[in-house]
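In case you want the letters, here they are:
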2 protein chains.
Amino acid sequence: MNTAEAIMGVHLTDEQRLDWLRLIRSDNVGPRTFRSLINHCGGARAALDALPGLARRGGASKPARICSREAAERELENSKNRGIALIALGEPDYPARLRMIDDAPPLLGVRGKASVLASHMIAVVGSRNASAAGTKFAERISRELGDAGFIIVSGLARGIDAAAHRSSLGSGTVAVLAGGHDHIYPAEHVPLLEQILPAGAAVTEMPLGWEPRGRDFPRRNRLISGLTIGVVIVEAARRSGSLITARMANEQGREVFAVPGSPLDPRAEGTNGLLKQGATLVTEGSDVLAVIRPILGQHIEQPAEEPDGDPPRLTEPDSSERARIVNLLGPAPVSIDDLVRLSQSSPAVVRTVLLELEIAGRLERHGGGLVSLV
Amino acid sequence: MNTAEAIMGVHLTDEQRLDWLRLIRSDNVGPRTFRSLINHCGGARAALDALPGLARRGGASKPARICSREAAERELENSKNRGIALIALGEPDYPARLRMIDDAPPLLGVRGKASVLASHMIAVVGSRNASAAGTKFAERISRELGDAGFIIVSGLARGIDAAAHRSSLGSGTVAVLAGGHDHIYPAEHVPLLEQILPAGAAVTEMPLGWEPRGRDFPRRNRLISGLTIGVVIVEAARRSGSLITARMANEQGREVFAVPGSPLDPRAEGTNGLLKQGATLVTEGSDVLAVIRPILGQHIEQPAEEPDGDPPRLTEPDSSERARIVNLLGPAPVSIDDLVRLSQSSPAVVRTVLLELEIAGRLERHGGGLVSLV
């Protein structure tokens, strides 16, 4: 099954799910690389078979670790025992809006009431170090939006996030985790999470056993925005994680709402800044609903997918062509378009070489189609 | 001299200034009626002569009081003794932007350093019942804008207004009064006003001896916005005077800036509301300057003036025509366009009848060209 088929909404077989899991849990394979591999090789099984060759041709210093069948079976088994469903991109239960982001997780680990993910969702996020007024406001707007039928998505953090979850326990709320389902951060919110699950859910793309590190939180934030129609930023200092969520939302074409605050309050610097950049000002739930209701019914656009040839295009560059393309790369980001132009190779060949470098752990992808050597 | 001549920037003779003063101080003559009268009669002297006839034809129950030559001479004399200049609309010292509003005062009483009125001005206004944060912010932004070369205009009220004046005493600030120069409100701000005058000014359209009543403050607010390129609203509750100033600014085509605040702070309800309606969000002086600097150099547009025929058009309706037009009027506001259409009279005739009713104290003018009988 390739992603184009998956997006049509069919279920994976157990064997396919196992292959998907092995592929996404292998070294140097993130959501984007996963998609490229599936497109390049025609399916997860073929991609797993191709990994060693790709890594070797990409110049890997040591063979890239491939997740073993046993490890994947163990994760599936442990997940099942803990009541975690691993929903694949394109399966009917996969959240419709999340599917549209270009780095959507191939497998989403869902605990709790998975059916809430079929509802319309709005994120309410903000500072951990929240003021009493900010906390109160987060409670109020989450209750208003929950009462209006929306599921409240947040990050289970202290402060605003916790307030958002707490006041939407009854209407339904989704906690997006930065680590595995067995590594809840902060640990003091384990009881809150248990309160969330009866009418809501916890979701993560990380495997069981994964303890979240600093860089996992910004990565997680793209899922918070990706699940939703829009994000409400309640309080945010300058350079805070909530602003990353707002930026992700913008990049994903989601609505950004910000709550104003006094210019003398450092916790409002981020939100006032968002308002200056064009975020919608929110002082009550109806401000959000007025923007969101008209777009609720709109058809959710399919992501721009590379055309999926069948049989897959196995465009193999020869070694001199590969060397020419690698030679054009360095630590400074360059655009893939420039690479194609300067190498005089076909786009398909350039993509293949980049994929090899990626699997070899030698390529970094930046925003805007830019790449550099690690 | 008609208004078209006045706008060309020539000085009135002493005799003309006396006539202007008598006309604007007569009953039922406000700034708009003053303009209509000058246009209709060709000059202030002719208008004074025409008043009794207009009032009679308009159906006045008693003769309208006309300001006597002696009273006007006394006001001019008293003003002079107190260092108050009465600057006429169109004279070179009349503030350039104020001249452009359609109810600009024919005579502006100016005390202090009149030359500041030639500078670019920005209003900083807000609640009397200001918070410490609001007061501090008003001080900060007034200082920043003052340092950037702008004169700060405000209303001498307690709270935000006083903070705005105080922090721009050195760079120059203008207090716009709702009463006469000898009736400062609140009285406790008389010492503040004395501090303002060396590098700033106090202005009013009201005569000496006029004690400000409630309705004089909204009327005054149009001068605060009218003098300026834009108004900064620092804190404002719902339905506050500062929101009237913002509305006036909008109607006059001036920029509206608002300072955000917490949705839980009632003193931010007005400003947050303005932001929702499209006001520019301000957290520092540079936010104001970024909007204002590009329009500073722009040519200030002349107001839409009725064509000023010479000799003036003395379009006299006959009594049946007059009765037909008056008959179309009632307590519910109707548009002048509808009156013209329904009466089948010429626009000039309709205008004349309305002017007669106005002088007779029987007409009320509303926004958007609507009129009703009192």
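See above for the structure.
Residues take numbers from 1 onward in each chain, read along the sequence in its written order. Ligands are numbered from 1 and chains lettered from A, in the order in which they are written. Only residues with pLDDT of at least 70 are given local features in this predicted model, and only at 80 or more are side-chain atom pairs given and counted; all residues enter the totals for whole chains, interfaces and linings. Computation of side-chain values covers all heavy atoms of the structure but excludes hydrogens and water.

1. Some points on the overall build of chain A
To qualify as a helix, a DSSP run of H or I must reach at least 4 residues; to qualify as a strand, a run of E must reach at least 2; elements of each kind are numbered from the N terminus. From N to C terminus, chain A includes 15 helices and 12 strands. The globule rule used for comparison is 2.2 Å times the number of residues to the exponent 0.38, while the radius of gyration itself is calculated over C-alpha atoms. Scaling as 2.2 N^0.38, a compact globule of 374 residues should have a C-alpha radius of gyration of about 21 Å, and chain A matches this with 21 Å. Considered along the principal axes of its C-alpha atoms, chain A spans approximately 65 × 45 × 35 Å. Per-residue accessibility, obtained with a 1.4 Å probe over protein chains only, is compared with the maximum for each type, and a residue is labelled buried under 20%, exposed over 50%, and partly exposed between these values. Across the 374 residues of chain A, 54% fall into the buried class. A total of about 16,000 Å² of accessible surface is found on chain A, and carbon and sulfur atoms cover 50% of it. For chain A, the separation between the mean place of its 43 positive charges and that of its 44 negative charges on side chains is 4 Å. The method behind every accessible area is Shrake-Rupley, applied with a 1.4 Å probe, and residues are considered shielded solely by the protein chains displayed. Charged-residue counts in this description rest on Lys and Arg as positive and Asp and Glu as negative, His and the chain ends being excluded. Charge positions come from single atoms, namely NZ of Lys, CZ of Arg, CG of Asp or CD of Glu.

2. A word on the relation of the copies chain B and chain A
Least-squares superposition of the copies uses the C-alpha atoms of those residues scoring a pLDDT of at least 70 in each of them. Note on the identical chains: chain B maps onto chain A by a rotation of 180° and an axial translation of 0.1 Å, with an RMSD of 0.1 Å. Look at the turn and shift together and you get a two-fold axis relating the two. Closest to the rotation axis within chain B is the C-alpha of glycine 261 of chain B, separated from it by 2.0 Å. Any two residues whose heavy atoms approach within 4.5 Å are treated as being in contact. Interface overlap between copies: 100% of the residues of chain B at the interface are likewise at the interface in chain A, consistent with a symmetric, same-surface contact.

3. With respect to the nonpolar core
The tendency in soluble globular proteins is for nonpolar side chains to be buried as a group. Counting residues in hydrophobic clusters, the biggest one holds 115 residues, and the most contacted among them are Leu23, Leu37 and Val174 of chain A together with Leu23, Leu37 and Val174 of chain B. Apart from residues no more than four positions distant in its own chain, leucine 23 of chain B is found in contact with Val29, Phe34, Leu37, Ile38, Ala44, Ala47, Leu48 and Leu51 of chain B. Only buried residues count toward a nonpolar core, which is a set of Ala, Val, Leu, Ile, Met, Phe, Trp, Tyr and Cys residues joined through side-chain atoms within 4.5 Å. By size, the runner-up hydrophobic cluster in this structure holds 22 residues, among which are Ile141, Val234, Val259 and Val282 of chain A.

4. Here we look at the interface of chain B and chain A
Of the residues lining the interface, 18 residues belong to chain B; the matching set on chain A comes to 18 residues. Using a 1.4 Å probe, buried area is obtained as the accessible area two parts lose upon being combined, added over both of them. Buried surface at the junction of chain B and chain A, both sides included, amounts to about 1,400 Å², of which 73% is carbon and sulfur. Salt bridge, as used here, is a side-chain nitrogen of Lys or Arg placed within 4 Å of a carboxyl oxygen of Asp or Glu. Where chain B touches chain A, the interface holds 2 salt bridges. Two residues, lysine 276 of chain A and aspartate 287 of chain B, come together in a salt bridge whose shortest N-O distance is 2.7 Å. We define a polar contact as two N or O atoms separated by no more than 3.5 Å, with the added condition that, inside protein, one atom must be a possible hydrogen donor and the other a possible acceptor, whereas residues neighbouring each other in sequence contribute only through side-chain atom pairs. Between chain B and chain A we count 4 residue pairs in polar contact (both at pLDDT 80 or more) in total. Sorting the residues of the side of chain B that touches chain A by element identifies helix 6 (132-147) and helix 11 (269-276) of chain B as the ones contributing at least two each. Take the side of chain B that touches chain A: its biggest share by element is 4 residues, from helix 6 of chain B.

5. A few points about the sheet that holds strand 11 (residues 363-365) of chain A
Two pairing modes exist for strands in a sheet, parallel and antiparallel, and in both the strands are linked by backbone hydrogen bonds. Residues and elements named next belong to chain A. The rule for pairing is simple: two strands pair if DSSP sees at least two bridges between them. Here 3 strands make up an open sheet; going across it, the order is 10-12-11 and the pairing antiparallel. Two strands close off the open sheet at either side, each with one partner strand: strand 10 (334-335) and strand 11. Axis geometry follows a simple rule: fit a line to the C-alpha atoms, using only the stretch in contact for helices, then measure angles between N-to-C directions, giving values from 0 to 180 degrees. Packed on one face of the sheet, helix 15 (residues 347-359) meets strand 11 and strand 12 (370-373) and runs near 110° to strand 11.

6. A short note on the packing of aromatic side chains
Residue and element names in this part refer to chain B. Note on aromatic contacts: the rings of Phe and Tyr and the six-membered ring of Trp form a pair at centre separations within 6.5 Å, being stacked when their planes are under 30 degrees apart, edge-to-face when over 60 apart, and tilted otherwise. For the structure shown, the criterion picks out 4 aromatic pairs over all chains. Considering the side-chain rings of tryptophan 20 and phenylalanine 34, the 5.1 Å spacing of their centres and the 65° angle between planes classify their relative orientation as edge-to-face. Highlighted residues: tryptophan 20 in helix 2 (residues 14-24) and phenylalanine 34 in helix 3 (residues 31-41), separated in sequence by 14 residues. Taking the relative accessible area as the measure of exposure, tryptophan 20 reaches 2% and is therefore buried.

7. Focus: helix 12 (residues 285-296) of chain B
For a helix, the expected span equals 1.5 Å multiplied by the residue count minus one. With 12 residues, helix 12 of chain B should reach 16 Å at 1.5 Å per residue; the first-to-last C-alpha distance of 16 Å fits that figure. For helix 12 of chain B, every residue scored as buried is listed here: Gly285, Asp287, Val288, Leu289 and Ile292 of chain B. In this fold, the buried residues of helix 12 of chain B make contact with helix 11 (269-276) of chain A together with strand 3 (121-125), helix 6, strand 7 (230-233), strand 8 (255-258) and strand 9 (280-281) of chain B.

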